[in-house]
Each structure stands twice: as C-alpha cells, then as structure tokens.
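# Observations on the model geometry
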Amino acid sequence: MSVTIDLADVTHRYDPGGPASLDRVSLRVAAGTITTILGPSGCGKSTMLAVIAGTRPADAGALHFDGRAMDDVPAAERGVGMVLQSPFLFPHLSVGENVGFGLAARGVSRRGRRAEVERWLGRVGLDGTADRRPDTLSGGQQQRVALVRALAHSPDVLLLDEPLASLDPHVRSRMQDLIRSLVDETGVTAIMVTHDRTEALALGDRTAVMLDGRMAAEDAPSEVFARPGRREVAEFLGVSTFLSGTAARGRLTTPAGVFACAALGDAAGPRTLAIRPERVRLSEVPAENSLRCRIVEVRFRGEHWEYLADTPLGGVRGLAATAPVQGGATNVVLPDAALFPVA
Ligand code: ADP
Ligand code: MG
C-alpha cells in the first residue's frame with residue numbers, strides 16, 4: 001500500500017507566539033516515491049516528519065494522505081513507519097522480537113510472525129540473527145533491523161530521519177541501495193532527511209531543501225542541482241563563490257569583464273551568478289569568460305583538489321584533477337555552463 005502525502009501551508013510553533021519551526025510548508029510526495037530533504041540543523045526537518053507522523057499537531061495548514069485529512073487521525077492509526085539516526089532497538093528483546101513487535105500487536109500468530117520476521121531479516125542479509133541480542137550486531141546491522149521493523153507493519157508511509165548519519169561511508173552506500181529497493185518493492189511512500197547532499201540527490205525521486213522552517217526548493221534532484229534558485233540553496237548544494245554585475249542580453253557586465261551566461265535569459269539589471277566549482281578551470285592564457293587570478297588556497301579532497309583563486313572580483317572556488325600551484329598567477333575560466341543566476 002502507498003499513499004500520496006500532501007502538506008499544504010503547514011505552520012508549526014513549539015511555543016505559542018514563538019518562532020515558527022515550520023512556516024507555511026507545502027510538499028507533495030507521490031505514492032511509492034522517495035523525497036529526500038536537505039537543510040541545515042534546526043531548519044525544521046524533524047518537526048515536519050513529526051507533523052506527518054502525528055506526534056506534533058500542526059498549528060495551521062492541512063495534511064492529507066491520498067486526499068484524506070489527517071487532523072483527527074491519531075499517530076498510531078496513520079500507517080506511518082519511522083527510522084531515526086539511532087536504531088533504538090529494544091535491548092531486552094531479541095532481534096526477531098524487535099522486528100515482530102508490531103506484528104504481535106496486530107494479532108499475527110506466533111508462527112506467522114516467525115515466518116514474517118525470517119523473511120524480513122533475510123531480505124536485508126541478516127538471516128540467522130533472529131535469536132541474537134541487538135547489541136551483538138554492528139551499527140549498520142542494527143539500522144537494518146530498525147528499517148525492517150518499520151516496514152514489517154506494512155506502513156503506507158516511511159519516514160527516515162537521518163537514518164544513515166552515524167554509519168561508515170561504505171556501509172552508507174549499501175544502505176542507500178537497500179532503502180531504494182525496499183521502497184520499490186513495498187510501494188511505501190518515503191521521506192528521508194539527510195545531511196549529505198550527494199545522498200539526497202542520488203536517492204531522491206525528488207529533493208527538497210528547507211531553510212529556516214520554509215521550503216526553499218523542491219524538484220527532481222538534477223533540477224534542484226542545476227537551478228537552485230536561491231543563493232542559500234546553491235550554497236547548500238556546494239557552491240560557495242558568486243559573481244555580481246549587471247545583466248543584459250545573456251551577459252553579465254562586471255568591473256573586470258563581461259561574462260556570457262545563457263541561463264540569464266532575458267534578465268536585465270543587477271544580478272548575482274553562482275559559480276559551480278566542478279565546471280571552473282584554469283588556463284595559462286586568457287580566454288573567454290576568464291579572469292586573471294592568483295591561487296591562494298589548495299586543498300586535497302580525495303577525489304579532486306579544491307582551490308581558491310583570488311580575482312579582481314573576489315574569490316572563485318574550483319576543482320581540479322591535479323594540484324594547482326599555490327601562489328601561482330594564472331587565469332581562471334568560468335565557462336557559461338559554470339554560471340547560473342541566483343536570487
Ligand atoms: P532539524 O530536524 O531540521 O534539525 P528541528 O525540526 O528539530 O530541526 O527543529 C526546528 C526548530 O525547532 C529548531 O529551532 C529547534 O531548536 C526547535 N525545536 C525542536 N524541538 C523543539 C522542542 N521540543 N521544543 C522547542 N523547540 C524545539
Ligand atoms: Mg532533525
């Protein structure tokens with residue numbers, strides 16, 4: 001079973017008269033899809049999940065599951081499964097009892113439970129662990145138990161609040177694949193909060209960015225990445241340097257040169273362009289859309305080198321496959337495709 005989740009102008013305050021932790025948040029998550037949520041700490045991600053789960057009431061706005069208003073539906077009857085950063089398994093119960101916990105409450109027979117629990121544990125590669133204590137499993141294994149415990153209830157909605165945040169990178173990517181295939185198999189509608197932008201963009205059918213209790217962007221991941229719209233969203237997606245000037249006819253005029261940027265369209269007047277670091281390059285000779293620069297910072301980032309080029313228009317951050325010479329004078333090229341307007 002799966003449902004479409006609809007939040008419309010949902011507002012929530014922890015203290016009446018205090019700041020809004022959710023400020024007219026609207027979000028639609030289509031049945032059977034995953035929406036990933038990115039946003040800085042304290043922007044309201046967990047609060048939004050709590051409103052959807054029914055553990056916090058919204059102060060205003062509407063929440064519907066498949067067109068059905070949820071206001072008067074208690075949390076236990078919403079068909080929501082939840083996975084948090086810590087697995088929170090019951091330490092005194094076996095792994096199998098943890099997974100079967102909700103099934104017992106639903107009146108499934110002991111034998112039926114055992115079969116169901118074995119099936120779920122097998123599905124996540126934990127065959128033969130049913131009789132073990134949770135604390136004999138690794139962190140990643142415990143999180144897989146938490147995941148199937150949530151799914152064993154056959155929820156319509158699966159809410160994942162930074163479920164992979166405390167796992168090692170190699171375990172994380174396997175868990176991402178597992179979450180994707182479990183959502184596809186069960187048809188559950190999922191919302192997953194993550195701090196990791198690569199994870200958000202890779203796993204989401206849609207990705208939303210929240211800032212200060214508001215929905216700042218929501219679209220297909222490739223669209224959010226290509227057109228973040230707001231400067232703060234671009235910053236959250238890994239852009240840290242910008243170019244300001246005056247736009248006209250697809251070009252930005254600055255005190256240090258004119259830059260072609262097709263994404264400006266017919267925008268006119270003062271504009272800011274975000275500079276996508278992976279598209280920036282260095283050139284011995286001046287080129288179109290280039291600036292004289294001096295390399296003032298070089299850092300090894302594992303997959304690439306990250307540098308900061310000091311230009312007459314301020315710092316420009318770029319990525320390179322080989323290490324640029326620290327202190328070297330050169331030209332930094334901002335190809336059209338590296339530039340996009342932000343508000
Ligand atoms: P996130 O999950 O994005 O980090 P939260 O939803 O937990 O953010 O919090 C949103 C805002 O609400 C923050 O400013 C936080 O301090 C505040 N907040 C969270 N929980 C409570 C609470 N129980 N009482 C009062 N304020 C809270
Ligand atoms: Mg949170």
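For the structure itself, consult the block above.
Residues numbered from 1 in each chain as written. Chains lettered and ligands numbered in written order. Predicted model: local features only at pLDDT ≥ 70, side-chain atom pairs only at ≥ 80, totals over all residues. Heavy atoms only, no water.

### Some thoughts on the nonpolar core
Grouped together as the largest cluster of nonpolar side chains are 33 residues, with contacts concentrated most on Val-99, Leu-121, Val-145, Leu-147, Leu-158, Leu-160 and Ile-179. Counting only elements with at least two residues in this core, the list comes to helix H2 (95–105), helix H3 (110–123), helix H4 (139–152), strand E7 (157–161), helix H5 (169–186) and strand E8 (189–193). Top contributing element to this core by residue count: H4, with 7 residues. Among residues more than four places away in sequence, those in contact with Ile-179 are Ile-34, Leu-147, Leu-160, Leu-164, Met-192 and Leu-203. Membership of the second largest hydrophobic core comes to 25 residues, among which are Val-25, Ile-37, Ala-53 and Leu-63. (Core = buried A, V, L, I, M, F, W, Y, C linked by side-chain atoms within 4.5 Å. Buried < 20%, exposed > 50% of the residue type's maximum accessible area, 1.4 Å probe, protein only. Helix = DSSP H or I, 4+ residues; strand = E, 2+ residues; numbered from the N terminus. Contact = heavy atoms within 4.5 Å.)

### Description of the site of ligand 1
Near ligand 1 you find Tyr-14, Ser-21, Pro-40, Ser-41, Gly-42, Cys-43, Gly-44, Lys-45, Ser-46 and Thr-47, and these make up its full shell. A distance of 3.5 Å separates a nitrogen atom of ligand 1 from a polar side-chain atom of Tyr-14. In isolation ligand 1 offers 560 Å² of accessible surface; the protein chains occlude 56% of this area. Here the shell around ligand 1 takes 3 residues from helix H1 (residues 45–53), the largest share from any one element. Taken together, the residues of the shell around ligand 1 break down into 3 nonpolar, 6 polar and 1 charged. (Near = heavy atom within 4 Å. Polar contact = N/O pair within 3.5 Å; in protein donor to acceptor, adjacent residues only side chain to side chain. Areas by Shrake-Rupley, 256 points an atom, 1.4 Å probe, with all protein chains shown as cover. Nonpolar A, V, L, I, M, F, W, Y, C, P; charged D, E, K, R; others polar.)

### Things to note about the pattern of salt bridges
Within this structure, the stated rule accounts for 21 salt bridges. Residue Arg-114 pairs with Asp-131 through a salt bridge whose shortest N-O separation is 3.3 Å. Of this pair, Arg-114 sits in helix H3 while Asp-131 sits in the loop between H3 and H4, and the two are 17 residues apart along the sequence. Asp-131 gets classed as exposed once you look at its relative accessible area, which sits at 58%. (Salt bridge = Lys/Arg side-chain N within 4 Å of Asp/Glu carboxyl O.)

### Concerning H5
The first and last C-alpha atoms of H5 sit 26 Å apart over 18 residues, in line with the 26 Å expected at 1.5 Å per residue. Where H5 is buried, its residues meet strand E3 (34–38), H3, H4, E7, E8 and helix H6 (197–203). Residue Gly-187 follows H5 closely and has a positive phi angle near 75 degrees. (Expected span 1.5 Å × (residues − 1).)

### Here we look at the layout of surface pockets
Each pocket or cavity is described by its volume, and for the largest pocket that value is around 510 Å³. Surrounding the largest pocket, 20 residues form its lining, Val-80, Gly-81, Met-82, Ala-150 and His-153 being those nearest its centre. Listed by contribution, the elements that provide at least two residues to the lining of the largest pocket are strand E6 (80–83) and H4. Ranked by the residues each element gives to the lining of the largest pocket, the list is headed by E6, at 4 residues. For the lining of the largest pocket, the residue count by class is 14 nonpolar, 5 polar and 1 charged. (1 Å grid on protein atoms, 1.4 Å probe; cavity = no way out; pocket = protein on both sides within 12 Å on 5 of 7 lines; lining within 4 Å. Points joined across faces, edges and corners; volume = space filled by probe spheres on them.)

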